[in-house]
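# Notes for the structure review
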Amino acid sequence: MSRLTLFAIVAISCVGVCDEPLQAANRPNIVVILVDDLGYGDLSSYGATDMQTPHVDQLMRAGMRMDYFYANCPVCSPTRAALLSGRYQELVGVPGVIRTHPENSWGYLAPDAVLLPQILKPAGYHSAIIGKWHLGLEPENHPGARGFDFFHGFLGDMMDDYYHHRRHDQNYMRRNTETIDLSGHATDLFTAWAVDYIRDRKQRDAPFFLYLAYNAPHTPVQPPEDWLKKVRAREPGIDKQRAQLVALIEHLDDGIGQVVTALKETGAMENTLLIFTSDNGGYLKVGASNGALRGSKQEMYEGGLRVPMCAVWPGEIAPGTRSDHIALTMDLFPTVAAAAGAKIDHEIDGLSILPVLRGESVPQFDRDLFFTRREGGRTYGGKTIDAVRSGDWKLLQNSPYEPLELYNLKDDPLEKNNLIDKRPKIRQRLSAAQRRQIQRSGRVPWQRP
């Protein structure tokens, strides 16, 4: 039996929740914190020596840290689509970044895609997104039209300014469907709105799902001045560009700390599954660090795909634990569903890692992992870059105009020794798997009808 056939059987068997559902009274609150462009080496708990991130570091200690967690894509919209749908992003119409102008937009969220809040609602959950949406500007793709009960954040992609909240001179800041115009650093606003939501839910009986999607530390690297001064005073001689990014991340860390404090003060944290991760790796051009990993945001090397991740759930996930289980963003969909006791009655590609988080003995999933990104401009020309990981082997094409590369990640985790000409049978097998995945995705339109 081939690996692909076996994976198909596993995927079909997970229609429905693979883990034993919880009783309604024990359903936890769910908080997913997704940050934007955080590098694998850009937390003090991940080796950064010029940075202090005590609040995220404490989350890493309070639960399980996963050392081999991958973003579905090395850029923004596709990973968000995978997280909320549990599917490979190209199978829900988002192979690339969704943008304001159609000529430079490379995705349209499929009308039949079932998003996480839609399966949580029958389980009694109230769902909110606070922060960055980036999955469509059309009314039919507004968060409220895709299952969320509450939206307070930015409808578009990146902000041109953290204080003025515009993109291409358009105001995409919303409270539900209402356009709002207000001052303040976006990180502070998203933090305050998340805290307000958590406090409001204390008065309600229903469990809640909060998807808190910060746009930091995405460009423009624009930290508050007092945070920048603090970094410069503490780190004499630090590079100017690096100092700005460090300050932006430390400011973000402080906001996450405020959110966790609100969960504790309201008593919600005692029964909350909190997941923290990033949508892709750090952007080296603006001073980010992906540790020793090769590559950057936008690239198919490990530095573009491997991201920090931890999960905290008091009484369910043992503190201070770590896992080398390989998982990726789309696995969070069935994981959250399993924790919430929500039913999945449609096909997904993700697999629940809840048993892993609970410390159970779980073998590595026997599946191939596919990564793809479509992009325009002269660098990509509307074509795709791709990677497939199968066991220890990884086949990638980091540019549509460059040859394939093949690495053994067990022997060569930093992707220095290209074996494409030395292991033809491995190359052929992975190329064939990639072609089958391309055929699957070719059936799904990614442009607005």
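Everything below is about the structure shown above.
Quick look at the structure, then.

So, on to the side chain of T100. Following the sequence through the fold, T100 ends up in the loop between α3 (76-85) and α4 (116-120). Assessed through its relative accessible area of 17%, T100 is described here as buried. Separated by 3.1 Å, the side chains of T100 and Y172 make a polar contact. The residues touching T100, leaving out its near neighbours within four places in the chain, are L137, R167, H168, Q170 and Y172.

In this section: the pairing of strand β16 (residues 384-390). Across the seven residues of β16, six count as buried, placing the element largely inside the fold. Taken together, the seven bridges between strand β15 (residues 368-374) and β16 define a ladder with antiparallel strand orientation. Its bridge partner being in β16, D368 is matched across the sheet by S390. Two elements, β16 and strand β17 (residues 393-397), share five bridges in a ladder whose sense is antiparallel. By the bridge assignment for β17, S390 is matched with W393. Hairpin geometry of β16 and β17 is characterised by an intervening segment of two residues between the two adjacent antiparallel strands and by a positive phi of about 60 degrees at G391.

Here 10 strands make up an open sheet; going across it, the order is β9-β8-β5-β4-β10-β1-β11-β12-β2-β13 and the pairing mixed. The open sheet has two edge strands with one neighbour each: β9 (178-179) and β13 (321-323). Running at roughly 170 degrees to strand β11 (residues 272-278), helix α9 (residues 332-340) makes contact with β1 (29-35), β11 and β12 (309-312) of the sheet.

This part is about the sheet that holds β15. Pairing is antiparallel across the open sheet formed by four strands, whose spatial order is β15-β16-β17-β18. Of all the strands in the sheet, just β15 and β18 (405-408) have a single pairing partner and so form its edges. When strand polarity is set aside, the average angle formed by the axes of neighbouring strands in this sheet is 15 degrees. Taken together, the four bridges between β17 and β18 define a ladder with antiparallel strand orientation. Within β18, the residue paired with K394 across the bridge is Y407.

F190, L210, Y211, I256 and F276 are the most contacted members of the largest nonpolar core, which totals 114 residues. Element by element, the count of residues in this core is highest for helix α7 (residues 240-265), at 12 residues. Residues in contact with F190, not counting those within four places in the same chain, are I130, G131, K132, G153, F154, M159, M173, L212, A213, Y214 and N215. Core analysis: the second largest hydrophobic core is formed by 29 residues, F371, V388, L396 and L419 among them.

With the rule as written, the count across this model stands at 11 aromatic pairs. Taking the centre distance of 6.2 Å and the plane angle of 5 degrees together, the rings of F150 and Y197 count as stacked. With F150 in strand β5 (residues 150-154) and Y197 in helix α5 (residues 186-201), this pair connects stretches of sequence that are 47 residues apart. For the pair shown, F150 and Y197 are each scored as buried. Summarising the aromatic geometry, the rings of F190 and W193 are spaced 5.8 Å apart at their centres and angled 50 degrees between planes, so their arrangement reads as tilted. Of this pair, F190 and W193 both sit in helix α5, three residues apart, which is roughly one turn of that helix. F190 sits in the buried class, given a relative accessible area of 0%. A residue is classified by how much of its surface remains accessible, and W193, at 10% relative accessible area, is buried. Ring-pair connections join several aromatic residues into one group, and the members of that group are W133, F148, F209 and Y211.

Conventions and cut-offs
- Residues numbered from 1 in each chain as written.
- Predicted model: local features only at pLDDT ≥ 70, side-chain atom pairs only at ≥ 80, totals over all residues.
- Heavy atoms only, no water.
- Helix = DSSP H or I, 4+ residues; strand = E, 2+ residues; numbered from the N terminus.
- Buried < 20%, exposed > 50% of the residue type's maximum accessible area, 1.4 Å probe, protein only.
- Polar contact = N/O pair within 3.5 Å; in protein donor to acceptor, adjacent residues only side chain to side chain.
- Contact = heavy atoms within 4.5 Å.
- Pairing = 2+ DSSP bridges.
- Axes fitted to C-alpha atoms, helices over the stretch in contact; angles between N-to-C directions.
- Core = buried A, V, L, I, M, F, W, Y, C linked by side-chain atoms within 4.5 Å.
- Phe/Tyr/Trp six-rings, centres within 6.5 Å; stacked < 30°, edge-to-face > 60°.

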